[in-house]
Amino acid sequence: MQLDLKTIEALAPDQASLGAAAKLTKRSNWPRLETHEQLGLIWGECQGSGSNPYRVMFDTADHGYKCTCPSRKFPCKHILALMWIGVTAPTTFDRVDQTPDWVNDWIGRRRKPGQQPAQPGTEGKSIDDALQPQESPAPVEDAAAAERREAAQRKRAEDTRSAVSAALDELDQWIADQLRLGLSGFVDASSERCRRIAARLVDLKAAALAGRIDELPSRLLALRNEERPDAAIRELGKLVLLAKAWRAAPDDPELKRLVSTSETREQVLAHPDAIQVESDWEVLGEKIETRRDGLVSHATWLLDLKSPTPHFALLLDFFPASAGRRSNAFAPGDRFKARLVFYPSRSPLRALVAERFGDVASGAWPEAGVNTAADPLAAYAAFQDGAPWLSDCPLVLPPGTIQLDERDAAWWQGANGPQGIALPVAGTVNQTVLGLDLTATAALWNGARLELLASQSSIGRLDLS
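Residues numbered from 1 in each chain as written. Predicted model: local features only at pLDDT ≥ 70, side-chain atom pairs only at ≥ 80, totals over all residues. Heavy atoms only, no water.

Peer 1: Tell me about the sheet that holds strand β6 (residues 276-290), residues and numbers included.
Peer 2: Strand order in the open sheet formed by five strands is β8-β7-β6-β9-β10, and the pairing between neighbours is antiparallel. A single partner strand is all that each edge strand has here, and the edge strands are β8 (312-320) and β10 (351-359). Recorded for the sheet is a direction-independent mean angle of 40° between the axes of neighbouring strands. Sheet analysis places β6 next to strand β9 (residues 335-342), joined by seven bridges and oriented antiparallel. Bridging across to β9, Gln276 finds its partner in Val341. (Pairing = 2+ DSSP bridges. Helix = DSSP H or I, 4+ residues; strand = E, 2+ residues; numbered from the N terminus. Axes fitted to C-alpha atoms, helices over the stretch in contact; angles between N-to-C directions.)

Written as structure tokens, this is what we have:
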């Protein structure tokens, strides 16, 4: 490997980047580390603050690099950490003969024969300084100071709870006002009305709830005119139930997550009720939405390939829209073995990738995902019984087809004859899948529309997201 610590020191943009990289050299930060020695490549996945790890790759021959993080420093701390591990702990990399598609894609677009490594200077940067403890010894705190600090923490928590309670009171009054004024008028003026109450909820520390209400107008506009009043009353009803549930159990982690703020990765990993599942996973599809509050939500849905019944996981990230489009950590159809940790919840779906072990060969879905013909929406009914304030429920539908009605709207039709169940599909559908015999279809059902993710068919897997 044509790399040493002095080279890393020279490539680093500044001393701060070296210091940040030093903190990322622990093996636990890297679910995946691999190398192709003949090609002189090392790559890995580094777990950041979000659910999806960053993909990091480095060419030891010409010092080319790429990372999917949004950093504006080049190379970023993840690249520097990957190089650092490559020099100090090369045996931690799994030696492979094949490079993953995302590395192949990068190589195909950037490799240039004869390119020489860059030779930046080392002035003002030091590996030795980066390894020095950054924090000064904590001052000795007397008992009185500790008590004051704990009292201040309790007061902040109580102030937050009081503010959120006031926010829910205002929400109840706002919903009552919308019903009194009429749902038709609400649908027509939903953008302005939702924006006002969302801003008020943010002021009262109910930020998560504010984001949900702020997105309500766009969800209504995606429906036909005649469907919007019903959809509006369903969503307002869910909000009422959520507010009642929070008042009954304000410390419930799921309810706090839906109303105010979410836990950090470290809090989820340390939570005693967080379920851990080690299995083989397939990326069913992803859903990327730019929200009205300036954030982009990136949802990646996974299917547990070893579960005897359909079991799903959701990797969810948020980042500023101003940061631009991010390269995805996973692509639809990817299969890998990993240990996931699920956020504590009545119906655990959202998860973190705690440890990734490697790729899994492609193939069909397990039989459990195919034999759901008795009641395709049974899982949705159970999902609503546990948490009626939620909307999107992942399903694996039995054999069926996708067809168009007389208005060119798409429907999934069960294979049990023309009198079988039929569910409307959201958005447009690729014309090539119309009429195909689908042996199983993974989708999200919100009570009114299916959002298709992927299907198994006689011609193999189909990406529908």
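Peer 1: Account for the nonpolar core, naming residues and giving values.
Peer 2: Residues Trp174, Leu209, Ile213 and Leu450 are the most contacted members of the largest nonpolar core, which totals 69 residues. Broken down by element, this core gets its largest block of residues, eight residues, from helix α11 (residues 228-248). The residues touching Trp174, leaving out its near neighbours within four places in the chain, are Phe186, Arg193, Cys194, Ile197, Ile213 and Leu236. Core analysis: the second largest hydrophobic core is formed by 28 residues, Ile8, Trp30, Cys69 and Cys76 among them. (Core = buried A, V, L, I, M, F, W, Y, C linked by side-chain atoms within 4.5 Å. Buried < 20%, exposed > 50% of the residue type's maximum accessible area, 1.4 Å probe, protein only. Contact = heavy atoms within 4.5 Å.)

Peer 1: Describe the pattern of salt bridges, with residues and values.
Peer 2: Pairing between side chains of opposite charge can happen when the charged atoms of each approach one another. Counted by the stated rule, this structure contains 32 salt bridges. One salt bridge in this structure joins Arg32 and Glu45, with 3.7 Å as the shortest N-O distance. One end of the pair, Arg32, is in strand β1 (residues 32-36); the other, Glu45, is in strand β2 (residues 41-46), with 13 residues separating them in the sequence. A relative accessible area of 0% places Glu45 in the buried class. (Salt bridge = Lys/Arg side-chain N within 4 Å of Asp/Glu carboxyl O.)

Peer 1: Account for the packing of aromatic side chains, naming residues and giving values.
Peer 2: Applying the stated criterion across every chain, the model contains four aromatic pairs. Note on Trp174 and Phe186: the rings are 5.8 Å apart at their centroids and 75° apart in plane angle, and the pair reads as edge-to-face. Of this pair, Trp174 sits in helix α6 (residues 143-181) while Phe186 sits in helix α7 (residues 183-188), and the two are twelve residues apart along the sequence. Taking the relative accessible area as the measure of exposure, Trp174 reaches 10% and is therefore buried. Among the residues examined, Phe186 registers a relative accessible area of 0% and is labelled buried. Over the ring of Tyr343 we find Arg350; its NZ or CZ atom is 4.4 Å from the centre of that ring. Over the ring of Phe336 we find Arg356; its NZ or CZ atom is 4.6 Å from the centre of that ring. (Phe/Tyr/Trp six-rings, centres within 6.5 Å; stacked < 30°, edge-to-face > 60°. Lys NZ or Arg CZ within 6 Å of the ring centre and 35° of its normal.)

Peer 1: Give a description of the side chain of Asp304 that names residues and reports values.
Peer 2: Among the secondary structure elements, Asp304 is positioned in strand β7 (residues 295-304). Lys306 provides the closest opposite charge to the buried, unpaired Asp304, separated from it by 7.7 Å. A polar contact is formed between the side chain of Asp304 and the backbone nitrogen of Lys306, at a distance of 3.0 Å. The residues contacting Asp304, other than those within four sequence positions of it, are Val277, Ser279, Asp280, Trp281, His311 and Pro366. (Lys, Arg positive; Asp, Glu negative; His and termini not counted. Polar contact = N/O pair within 3.5 Å; in protein donor to acceptor, adjacent residues only side chain to side chain.)

Peer 1: How would you sum up the side chain of Arg356? Please name residues and give values.
Peer 2: For Arg356, the position within the fold is in strand β10. At 2.7 Å, the side chain of Arg356 forms a polar contact with the side chain of Glu45. Here Asp359 takes part through its side chain, which lies 3.0 Å from a polar atom of the side chain of Arg356. The residues touching Arg356, leaving out its near neighbours within four places in the chain, are Pro31, Arg32, Glu45, Arg55, Phe330, Phe336, Lys337 and Ala338.

Peer 1: A description of α11 should follow, citing residues and the corresponding values.
Peer 2: Along its 21 residues, α11 runs 31 Å from first to last C-alpha, staying within 8% of the 30 Å computed at 1.5 Å per residue. When we look at burial in α11, the residues that qualify are Arg228, Ala231, Ala232, Glu235, Leu236, Lys238, Leu239, Leu242, Ala243, Ala245 and Trp246. Contacts made by the buried residues of α11 are with α6, α7, α9 (207-214), α10 (216-221), α12 (253-259) and α14 (378-386). (Expected span 1.5 Å × (residues − 1).)

Peer 1: Got a sec to walk through the packing of α9 against α11? Specific residues and values, please.
Peer 2: Viewed as axis vectors pointing N to C, α9 and α11 meet at an angle of 170°, and their least axial separation amounts to 12 Å. Put simply, α9 runs roughly antiparallel to α11. Note on element contacts: α11 touches α9 through Glu235, Lys238, Leu239 and Leu242, opposite Leu209, Arg212 and Ile213. For the contact of α9 with α11, the per-class residue count stands at four nonpolar, no polar and three charged. (Parallel < 35°, antiparallel > 145°, perpendicular 65-115°, else oblique. Nonpolar A, V, L, I, M, F, W, Y, C, P; charged D, E, K, R; others polar.)

Peer 1: Can you tell me about the sheet that holds β1, naming the residues and giving the values?
Peer 2: Sheet strands pair by backbone hydrogen bonding; their relative direction is either parallel or antiparallel. A sheet is described by the order of its strands in space; here five strands give the open sequence β4-β3-β2-β1-β5, paired in mixed fashion. Of all the strands in the sheet, just β4 (65-67) and β5 (94-95) have a single pairing partner and so form its edges. Two elements, strand β3 (residues 54-59) and β4, share three bridges in a ladder whose sense is antiparallel. Bridge pairing links Val56 to Cys67 in β4. Helix-sheet contacts for helix α3 (residues 77-88) involve β1, β2, β3 and β4, and the interaxial angle to β3 is about 55°.

Peer 1: If you had to explain the pairing of strand β16 (residues 450-457) to someone new, which residues and values would you point to?
Peer 2: Counted residue by residue, β16 has seven buried out of eight residues, so it is predominantly covered. Looking at chain direction, β16 and strand β17 (residues 460-463) are connected through four bridges and run antiparallel. Bridge assignment links Ser457 to a residue of β17, and that residue is Gly460. Adjacent in sequence and paired antiparallel, β16 and β17 are bridged by two residues.

Peer 1: Summarise the pairing of strand β13 (residues 410-414); cite the residues concerned and give the values.
Peer 2: Extensive coverage of β13 is indicated by the burial of four of its five residues. A loop of five residues connects strand β12 (residues 400-404) with β13, the two strands running antiparallel in sequence, and Asp408 in this loop sits at a positive phi of about 65°. Both β13 and strand β14 (residues 422-424) contribute to a ladder of three bridges, which runs antiparallel. Of the residues in β14, the one forming a bridge with Trp412 is Leu423.

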